[in-house]
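Descriptive analysis of the structure
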Amino acid sequence: MMGDVETLATLLSLKVAAVAVLGSLPLALLVATRLARGGPGTLLLDALVHLPLVLPPVVVGYLLLITLGTQAPLGGWLKEMLGLRLVFHWTGAALAAAVVTFPFQVRALRLALEAIDPGLYRAAQSLGLSPWARFRRVTFPLALPGLLAGAITAFAAALGEFGAIMTFAANIPGETQTLPLAIYSALQTPGGETAAGRLVALAIALALAGLLLGEGAARRLRARTGQTLGSLR
Amino acid sequence: MLRFSLTLKKGAFALRADAREPCQRLALMGPSGVGKSTLLAALAGFERQAQGTVHLGDRILTGGKQGLAPEARQLGMVFQRPLLFPHLTAEDNLRFARPAAPPPVSFEEVVARLDLAPVLPRRAHQLSGGEAQRVALGRALLAAPAWLLLDEPFANLDPARREAALALIDEVVERQGLTLVLATHRLEEAVSLCDHLLPLIEENGVSAGSAQPLAQALGGARAPTLVSGTLQEAGGTLEFCYGGQTLRVKAAPFLRAEDRAGPAAALIDPQDVRALAAGAPAPLGCPRFEGQRLSADRLRHGEDVFTLPAPLTPGDGPVAFTLLGATVLPPRRRDAVA
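Values in this document were obtained by computation on a predicted structure and should not be read as measured data.

1. Side note on the pattern of salt bridges
Per the counting criterion, the structure on display carries 19 salt bridges over all chains. For Arg 198 of chain A, the salt bridge is made with Glu 6 of chain A, and the minimal N-O distance between the two is 3.1 Å. Of this pair, Arg 198 of chain A sits in helix α10 (residues 193-225) while Glu 6 of chain A is found in helix α1 (residues 4-37), placing the two residues 192 residues apart along the sequence. For Glu 6 of chain A, a relative accessible area of 4% puts it in the buried group. Measuring nitrogen to oxygen at the nearest pair gives 3.3 Å for the salt bridge that ties Glu 290 of chain B to Arg 288 of chain B. Relative accessible area serves as the criterion here: at 27%, Arg 288 of chain B is assigned to the partly exposed category. By sharing partners, the salt bridges in this structure join Glu 109, Arg 113, Glu 171 and Arg 175 of chain B into a single network.

2. A short note on the interface of chain B and chain A
Opposite the 21 residues of chain B that make contact, chain A presents 22 residues. Buried surface at the junction of chain B and chain A, summed over both partners, amounts to about 2,000 Å²; 61% is from carbon and sulfur atoms. Area buried by chain B at its contact with chain A is led by Glu 71, His 87 and Phe 96 of chain B, which between them contribute 33% of it. Here Asp 117 of chain A makes a salt bridge to Arg 81 of chain B, at a shortest N to O gap of 2.7 Å. Where chain B touches chain A, the interface holds four residue pairs in polar contact (both at pLDDT 80 or more).

3. Observations concerning the sheet that holds strand β18 (residues 288-290) of chain B
Within a sheet, each strand pairs with its neighbour through backbone hydrogen bonds, oriented either parallel or antiparallel. Residue and element names in this part refer to chain B. The sheet built from three strands is open, its strands ordered β17-β22-β18 with antiparallel pairing. A strand with exactly one partner marks an edge of an open sheet, and here the two such strands are β17 (273-276) and β18. For this sheet, the mean inter-axis angle between neighbouring strands, taken without regard to orientation, is 35 degrees. As defined by bridge partners, β17 adjoins strand β22 (residues 320-323) across four bridges and the pair is classed as antiparallel. Paired with Val 273 across the two strands is Leu 323, which belongs to β22.

4. Overview of the packing of helix α2 (residues 42-54) of chain A against helix α5 (residues 90-114) of chain A
Residue and element names in this part refer to chain A. Axis separation between α2 and α5 bottoms out at 6 Å; the angle between their running directions is 135 degrees. Classified by the angle their axes make, α2 and α5 are oblique. Pair α2 / α5 crosses with left-handed handedness. Mapping the contact onto sequence places Thr 42, Asp 46, Val 49, His 50, Pro 52 and Leu 53 in α2 and Val 99, Val 100, Phe 102, Pro 103, Phe 104, Val 106, Arg 107 and Arg 110 in α5.

5. A few points about the layout of surface pockets
Estimated volume of the largest pocket: approximately 1,100 Å³. Around the largest pocket, the lining is made up of 35 residues, and of these Arg 37, Tyr 121, Gln 125 and Arg 134 of chain A together with Arg 48 of chain B lie nearest the centre. Among the secondary structure elements, those contributing two or more residues to the lining of the largest pocket are α1, α5, α6 (118-126) and α7 (131-159) of chain A. The biggest single contributor to the lining of the largest pocket is α1 of chain A, with six residues. Here the lining of the largest pocket is composed, by residue class, of 17 nonpolar, nine polar and nine charged. Taken as a whole, the second largest pocket spans an internal volume of roughly 490 Å³.

6. Details of helix α4 (residues 129-141) of chain B
The terminal C-alpha atoms of α4 of chain B lie 19 Å apart, and with 13 residues this matches the ideal 18 Å at 1.5 Å per residue to within 8%. Most of α4 of chain B is tucked away, with 12 of its 13 residues classed as buried. Taken together, the buried positions of α4 of chain B are Gly 130, Glu 131, Ala 132, Gln 133, Arg 134, Val 135, Ala 136, Leu 137, Gly 138, Arg 139, Ala 140 and Leu 141 of chain B. Of the surrounding secondary structure, the elements contacted by the buried residues of α4 of chain B are α6 of chain A together with β6 (75-78), α2 (90-94), α3 (107-113), β7 (147-151) and α5 (159-176) of chain B.

7. A short note on the domain arrangement of chain B
One can read the domain layout of chain B as domain 1 (2-217) and domain 2 (225-337). Each of domain 1 of chain B and domain 2 of chain B has a C-alpha centre, and the two are 33 Å apart.

8. Some details on the pairing of strand β21 (residues 304-307) of chain B
Residue and element names in this part refer to chain B. The pairing of strand β20 (residues 298-301) with β21 spans four bridges and is classified as antiparallel. Residue pairing in the sheet places Leu 299 in a bridge with Phe 306 of β21. Once β20 ends, the chain turns through two residues before running back antiparallel as β21, passing Gly 302 with a positive phi of about 65 degrees.

Criteria and cut-off values
Residues numbered from 1 in each chain as written. Chains lettered and ligands numbered in written order. Predicted model: local features only at pLDDT ≥ 70, side-chain atom pairs only at ≥ 80, totals over all residues. Heavy atoms only, no water. Salt bridge = Lys/Arg side-chain N within 4 Å of Asp/Glu carboxyl O. Helix = DSSP H or I, 4+ residues; strand = E, 2+ residues; numbered from the N terminus. Buried < 20%, exposed > 50% of the residue type's maximum accessible area, 1.4 Å probe, protein only. Contact = heavy atoms within 4.5 Å. Buried area = accessible area lost by both parts, 1.4 Å probe. Polar contact = N/O pair within 3.5 Å; in protein donor to acceptor, adjacent residues only side chain to side chain. Pairing = 2+ DSSP bridges. Axes fitted to C-alpha atoms, helices over the stretch in contact; angles between N-to-C directions. Parallel < 35°, antiparallel > 145°, perpendicular 65-115°, else oblique. Left-handed = near helix turned anticlockwise from the far one by under 90°. 1 Å grid on protein atoms, 1.4 Å probe; cavity = no way out; pocket = protein on both sides within 12 Å on 5 of 7 lines; lining within 4 Å. Points joined across faces, edges and corners; volume = space filled by probe spheres on them. Nonpolar A, V, L, I, M, F, W, Y, C, P; charged D, E, K, R; others polar. Expected span 1.5 Å × (residues − 1). Domains from an automatic or database assignment.

In C-alpha cells:
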C-alpha cells in the first residue's frame, strides 16, 4: 500500500507534469511552426529554445527565481496585479518543469511539421480552404503523431525534473514535492531507504507507462498515414 | 471563359504567356521544363511574383491592386503529383472540399466513371500512381469549380481509364460550361479536349507563348484531315509514310520517344493540300497522289477526304494533288480527332 508521502508525491508529480506539458503546448506549437517555416532569426530562436536542454536545471530554476520571484519586478507585478504567486507553489513547479521540457515538445513538433509535404497546402488551398481550415484539417492532423510523441517525452521528463523545481519552487511536501524531490528527502532521512525504494519503483513504473503509451499511440497514428515508424525522439 | 496576360521572373527562369481572346478550353503545350506547371500555378494564384492580369468571365482574379488568394478562385486543380491527404482515405479525399455550390458532377458519378469504388476505403499510401491520380481528378471535380486547371492529369493512367477520364472531363466541361486549362505534352489530348492551344517555347532564356485557336495553331483555318500511316526516324528527322509516299512532318517535338516510330496518325491541314493540273509535276520533294474529286472543294484519296483551301473549277475530272506536310499525332488518339 502507498503511504501518504507516496500518494501525495505521485499525484502532485502527475499534476505538475500534466499542467507543464499542456500549458506549454500552444506556445510549443507556435514556436515549432515558426521554426519549421524558417526565415531570419530562426537559428537564434532555435538556440534559445534549446537553452534549457544544455543549461544545468539549477541555473534554469535560479533564472526563474530572479525574474519571477516575489522580490523581482515581474514576479512582484504578477503578485500585485493577478494575485499569482509562483514561488513555493505547485504552479511554480509546473512552470519550472515546463521550461526545462519545452525543447522536447518543440523538437518533435518541428520535425513533424517539416515532414509535411508543402504541396498538400497548395492542394488544400486549391480546394478552397482558408488558412485556419488548412491548419485544422491538414497541418494539425498530420502533425499529431509528432505532437503526441513530443508531449509524452516532455511529460516523462517533467515527472523526473529535479533541479529547476527544487531551486524555484522548493521542496514542500504536498505543495511542490514531486517524486524526485520526495526520493531526495527520503534519502536524506535516516532509515528512509525503504521509502525511497518504493518511490523509485513508482517513478520507474510511471515513466515506463508513459513512454510505452506514447510510443504505441504515435505508432498507430503514423501507420494510418503511412509515415515511417520511428522512435519517440 | 479565360483571358490572361502574365509575366513571371523567378531567378534565372522567365515566363511570358497570354490568351488575349477569351478561350474556354485551352491546352498548354511544350517540352518538359518549359514552364507549363509554373504557368498553371500562376493562373491559380500560387506564384506571387507573377504580374499581369487574369480574367475568368467577368471576374478579375489577378490584376489591379491585389489578386485573389488561390482559395477564393473556385479552382478545380490537378497538380503534377496527386497530393492526396495522407491521413485520409480515398473517399475522404474525394469529399475533402466542402463547396457552397453543388459540384458539376455527383460523388456517385465520379466514383463510377473513374472506377474508384474499389479504392474508396484505402489511404493515399495504399494507392497506385494511376489510382491516386484518378482520386485527385475526382477531388478536383467535386470541389464545384468554376474552372479546371489540369497538369498532365492522364500521365499515369492506362489507356482505357485514360479514355474514361478524358470523356468525363469533356462531358463535365461541356455540360457546365466550365473553363478548362490543360497542360500536356500530348497533342492528342489537346486535340481531343481543347479548342485553343498555347505552345510554350523557350527562346533566349524566356519561355513564351500565346493562345491560338486549335485549328490555327495546327496550321490552318479549316479542319484538318486525319490520316493513317507509319512514322519512322531517319537521320535524326521524322518522316511520315502515307499512301506509300513520304511526307514532311510537323509538330514532332510533341511526340514522346516511344511514339517516334511505327503506326501513326497525322493531321493534314487544308493549306497543305494542293490540287495539281493534269500531268503537272508535284513541287520538289513532295509526293504526287492520284485523287478522286468529291465536290468542288473536296478530294478523296482512298478512304481519306481532304479539304482544299480554294474550290476547284467545276467540271474538272479526277484530280492529282500533293501534300506539303503532316502534323503527326501519337497513334492512340486518332479516333478522337476523326
